[in-house]
Each structure stands twice: as C-alpha cells, then as structure tokens.
Amino acid sequence: MAVSTIDALYNGGSEKVTATSTGISVTGTVTATTLQTTAGGTVTTASGNDLNIVYPAGRSLFIKEGSETHVTVNNVGSVGIGTGSPSSYYANHLVVDTGSNAQSGITIVSETNKQGMFAFADGTSGDQRYRGAIDYNHANDSMAFLVTGAERMRIDSVGNLF
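Not measured: the values here are computed from a predicted model.

Overview of the sheet that holds strand E1 (residues 8-11)
Here's step 1: Read from one edge of the open sheet, three strands run E1-E2-E3, paired in antiparallel fashion. The open sheet has two edge strands, E1 and strand E3 (23-26), and neither has a second partner. Pairs of neighbouring strands in the sheet enclose a mean axial angle of 15 degrees, with direction left out of account.
Here's step 2: As paired strands, E1 and strand E2 (residues 14-20) are joined by four bridges and run antiparallel to one another. Following the sheet pairing, Ala8 is matched in E2 by Thr18.

This is how it looks when you write it as structure tokens:
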C-alpha cells in the first residue's frame, strides 16, 4: 500500500496550510472549538505582532492549571489573580487573592536608588497621575504618603514621623 503525503493545502490558488519540519503553518484564520497544545506547548505570533485573545460577550477568560484558576478577566473587565470571581469584591477592578500562605501578597520591585509607589490617579497629566500615593524611597529608606498630589506625611529610616 502506497503512502502519499500532502505538503500544502490551497484554497482559491492561495496556500493556506503548509507542512513544516516542526508542524504546520497556517495563513488566515483558524476556527476551532478547542485549541489544544501538547504538554509545554505555546501559542505565539509573528515577531512584532500582538497576540489578541477574543472571547464572546458576556463570557470570561480564565488561565488555569488543571482546575485551579490563576488569572481571570471577566466580562466587565475586572481582573482576578488567584480568584475566579473578582467582581465579588468591593474594589474589584484588580483583585489579588494571596491564599493562605503566611508570607503572601504583592511585591513592587524597584532599584536600590529608586522609588516604588502605589498611586491613586484621577487623570493622566500633572499631579492628577498621583493625587494620592504611598511612595517608598529606597535611596533613603523612607515612606511618604501623598494627598492632593503633595507629600503630607513621611516616615524615615529610623521611624521618625514628619
């Protein structure tokens, strides 16, 4: 029995699917009920292109490991890390559920001579970008609290309050 191979599929004279040494190359849109990769598989885009994940209105996007949800983007744009239901919380645009570990939370990394900040903004220019803030300065190990765009309180490296 002879075995034949197909190196490419065409539609309307245009090559749409090509066999490569590592799999297949598709030109156009792939529509599938399920897209599954083998263990450790990846989905990538051509260099310099964005990867867009589009899901139907009213639905949510989940990134899971087995049945455990790691990241959720729900149908109103709320993001949950470590939770499948970010909208259940009062301040719910970004919810981080750190679980039950004794040393869990959020880490902001800054260089030794730089600052790390939580900023509360009501605009995108001037001090609207940081109307309220908690600012840690690694250069002098101080923490400042900003209100109405200005520093109102500072704790220095030995605990003095200014």
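Some details on the side chain of Ser142
Here's step 1: Residue position: Ser142 is located in strand E10 (residues 142-147).
Here's step 2: The exposure class assigned to Ser142 is buried, which follows from its relative accessible area of 2%.
Here's step 3: Among the polar contacts made by the side chain of Ser142, one reaches the side chain of Asn140 at a distance of 2.6 Å.
Here's step 4: With sequence-adjacent residues up to four places away left out, Ser142 is seen in contact with Asp135, Tyr136, Asn137, Arg154, Ile155 and Asp156.

Details of unusual backbone geometry
Here's step 1: In this structure, Asp141 is a non-glycine residue whose phi angle is positive, near 50 degrees.
Here's step 2: Tracing the backbone through its elements, the reader meets Asp141 in the loop between strand E9 (132-137) and E10.

Describing the sheet that holds strand E6 (residues 79-81)
Here's step 1: Pairing in this open sheet of four strands is mixed, and the strands run E4-E5-E6-E7 from one edge to the other. Only two strands of the sheet have a single neighbouring strand rather than two, namely strand E4 (61-65) and strand E7 (94-96). For this sheet the average axis-to-axis angle between neighbouring strands, irrespective of direction, equals 20 degrees.
Here's step 2: With three bridges connecting them, E6 and E7 associate as parallel partners. Each bridged residue has a counterpart across the sheet, and for Ile81 the counterpart in E7 is Val96.

Notes on the pairing of strand E11 (residues 150-155)
Within a regular strand, the side chains alternate between the two sheet faces.
Here's step 1: Alignment of E10 against E11, held across five bridges, turns out to be antiparallel. By the bridge assignment for E11, Met143 is matched with Ile155.
Here's step 2: Following E10, the chain reverses through two residues before pairing antiparallel with E11; Thr148 in that reversal takes a positive phi of roughly 50 degrees.

Examining a nonpolar patch on the surface
Here's step 1: Residues Ile81, Leu94, Val96, Ile106, Ile108, Phe118 and Phe120 make up a contiguous nonpolar surface patch of roughly 660 Å² in combined accessible area.
Here's step 2: Sorting the residues of the nonpolar patch by element identifies E7 and strand E8 (115-120) as the ones contributing at least two each.
Here's step 3: The residue Ile81 is located in strand E6 in this model.

Observations regarding the confidence of the model for the protein
Here's step 1: In this model, the protein carries an average pLDDT of 85, and 90% of its residues clear a pLDDT of 70 or more.
Here's step 2: Ranking the elements of the protein by mean pLDDT puts E3 last with 81 and E11 first with 98.

Conventions we followed
- Residues numbered from 1 in each chain as written.
- Predicted model: local features only at pLDDT ≥ 70, side-chain atom pairs only at ≥ 80, totals over all residues.
- Heavy atoms only, no water.
- Pairing = 2+ DSSP bridges.
- Helix = DSSP H or I, 4+ residues; strand = E, 2+ residues; numbered from the N terminus.
- Axes fitted to C-alpha atoms, helices over the stretch in contact; angles between N-to-C directions.
- Buried < 20%, exposed > 50% of the residue type's maximum accessible area, 1.4 Å probe, protein only.
- Polar contact = N/O pair within 3.5 Å; in protein donor to acceptor, adjacent residues only side chain to side chain.
- Contact = heavy atoms within 4.5 Å.
- Patch = residues over 30% accessible without salt bridge, like charges linked within 9 Å, V, L, I, M, F, W, Y side chains within 5 Å.
- Areas by Shrake-Rupley, 256 points an atom, 1.4 Å probe, with all protein chains shown as cover.
- Salt bridge = Lys/Arg side-chain N within 4 Å of Asp/Glu carboxyl O.
- pLDDT = per-residue confidence, 0-100.

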